[in-house]
Amino acid sequence: MLQFHPPGMGQQIVQTSLGEIVCYVPMGAPWSLRSPDAQPLIFLHNFGGGASAYEWSKVYPAFLDAYRVMAPDLIGWGQSAHPVRDYRVEDYLMTLTEFLEKTCDRPAIVVASSLTGAIALRLAAQRPDLFKALFLVCPSGFADLGQDAGRRLPLQAIGLPLLDQLIYSIGAMNQVAVRSFLERFLFANPNRVSPEMVAAYLESAQQPNAQYSALAFLRGDLYFDLASYVPQLTTPTTIVWGENAQFINADLGQRVAKLNSTYIQAFVKVPNSGVLLSLEQPAIAIALLQQFLSQH
């Protein structure tokens, strides 16, 4: 997966209770290596077949010279460990906590999207000492305010042995399927999907045992009601939402955000964009993040 990241990036390994997390960090030219005392800026990718830290590879280079940037592949995704297990949201709360405790000597600024954004917000509500600020793109627990937004395939089919594996093989492990998934569900404008994006998502999807985390997401095993945690949040937060994001409606997201107007300080809608703002319109994502960082 390293070949899909900018030149000068390398891989750092962080051990967690569920195995190794592979984290992408600058290791040489053209980047200036930041002091360990620099502010940690963590980029967390979305879930879904083929997801990985590549999602932020067009955005995080803009911040490498000013922050201690880290972009991990979460457990079950990319090149990180893929334990064979029935994944639950608690797995990600635990391993993200361990990652932050082991890599950050101060509260981190965390950038995250979709379900991972919701997990980051939930963790910040529980462990505010780990977070300085949150910049979230379309954060959703996919069961917010009682509305189940995510499931597309029949749960009975996904749960059947062998059939769920077949569904994953057909739907995520070939080039045509990956391109179709990006164009139909994650991008507002399908013409913005590049061959490199398809190749990166395909390689991540083809990692051994990658189906376990992806199918847990499809089954809804990781869903929760984010609205239950938003009122407890005490971390300054900005939310950005692609107006064309599927499954997770911007109006519903705004209703959830209004549950804590003290700490969710901005809600910005981005026209002509889906959930993958960082790949579809990276210049806009960079500009919004720069504005956010200037305030924190």
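Coordinates for the structure precede this section.
What you see is a predicted model; the values in this text were computed from it and never measured.

(A) Representation of the overall build of the protein chain within the structure. Scanning the protein chain for helices and strands turns up ten helices and eight strands. Expected size for 296 residues packed as a compact globule is a radius of gyration near 19 Å; at 18 Å, the protein chain falls within 12% of this value. Each of the three principal axes of the protein chain carries a C-alpha extent, and together these read 50 × 45 × 40 Å. Going through the 296 residues of the protein chain one by one, you find that 57% of them count as buried.

(B) Broad picture of the pattern of salt bridges. The tally for this structure, following the rule as stated, stands at ten salt bridges. When the shortest N-O distance is used, the salt bridge between Asp105 and Arg106 registers 3.7 Å. Assessed through its relative accessible area of 53%, Asp105 is described here as exposed. Arg219 is the salt-bridge partner of Asp221, the closest N and O atoms lying 2.8 Å from each other. One salt-bridge network, in which partners are shared between bridges, spans Arg88, Arg219 and Asp221.

(C) Region of interest: the pairing of strand S7 (residues 237-242). Counting buried residues along S7, six of its six residues qualify, which places the element largely inside the surrounding structure. A two-sided burial pattern is seen for S7, the buried positions comprising Thr237, Ile239 and Trp241 on one face and Thr238, Val240 and Gly242 on the other. For strand S6 (residues 131-137) and S7, the ladder comprises four bridges, and the chain directions are parallel. Paired with Leu136 across the bridge in S7 is Ile239.

(D) View of the packing of helix H5 (residues 175-186) against helix H6 (residues 195-205). The geometry of H5 relative to H6 is characterised by a closest axis approach of 9 Å and an angle of 115° between their N-to-C directions. The pairing of H5 with H6 is recorded here as roughly perpendicular in orientation. The two elements H5 and H6 cross, and the hand of that crossing is right-handed. Of the residues in H6, those in contact with Gln175, Val178, Arg179 and Leu182 of H5 are Pro195, Met197, Val198, Tyr201 and Leu202. In the contact of H5 with H6, the residues fall into seven nonpolar, one polar and one charged.

(E) View of the sheet that holds strand S5 (residues 108-113). Strand order in the open sheet formed by eight strands is S1-S2-S4-S3-S5-S6-S7-S8, with mixed pairing between adjacent strands. In this open sheet, the two edge strands, each paired with only one partner strand, are strand S1 (9-16) and strand S8 (264-270). Between one strand axis and the next, the sheet turns through 20° on average, direction left out of account. When S7 meets S8, the two strands line up parallel, connected through six bridges. Residue pairing in the sheet places Thr237 in a bridge with Ile264 of S8. Across the sheet, helix H1 (residues 89-103) lies against S1, strand S2 (19-26), strand S3 (40-44), strand S4 (68-72), S5 and S6, angled at about 115° from S1, the strand it touches most.

(F) Examining unusual backbone geometry more closely. In the segment running from Ala29 into Pro30, the intervening peptide bond is cis, with an omega of 10°. Structurally, Pro30 can be placed in the loop between S2 and S3. Of note, Asn209 is a non-glycine position whose phi angle comes to about 70°, a positive value. Take Asn209: it is sitting in the loop between H6 and helix H7 (211-219). We classify Asn209 as partly exposed; its relative accessible area is 30%. Even without glycine at this site, Asn272 takes up a positive phi of about 55°. Relative to the helices and strands, Asn272 is located in the loop between S8 and helix H9 (277-280). Owing to a relative accessible area of 39%, Asn272 belongs among the partly exposed residues under this scheme.

What counts, and where the lines are drawn
- Residues numbered from 1 in each chain as written.
- Predicted model: local features only at pLDDT ≥ 70, side-chain atom pairs only at ≥ 80, totals over all residues.
- Heavy atoms only, no water.
- Helix = DSSP H or I, 4+ residues; strand = E, 2+ residues; numbered from the N terminus.
- Rg over C-alpha atoms; globule rule 2.2 N^0.38 Å.
- Buried < 20%, exposed > 50% of the residue type's maximum accessible area, 1.4 Å probe, protein only.
- Salt bridge = Lys/Arg side-chain N within 4 Å of Asp/Glu carboxyl O.
- Pairing = 2+ DSSP bridges.
- Axes fitted to C-alpha atoms, helices over the stretch in contact; angles between N-to-C directions.
- Parallel < 35°, antiparallel > 145°, perpendicular 65-115°, else oblique.
- Left-handed = near helix turned anticlockwise from the far one by under 90°.
- Contact = heavy atoms within 4.5 Å.
- Nonpolar A, V, L, I, M, F, W, Y, C, P; charged D, E, K, R; others polar.

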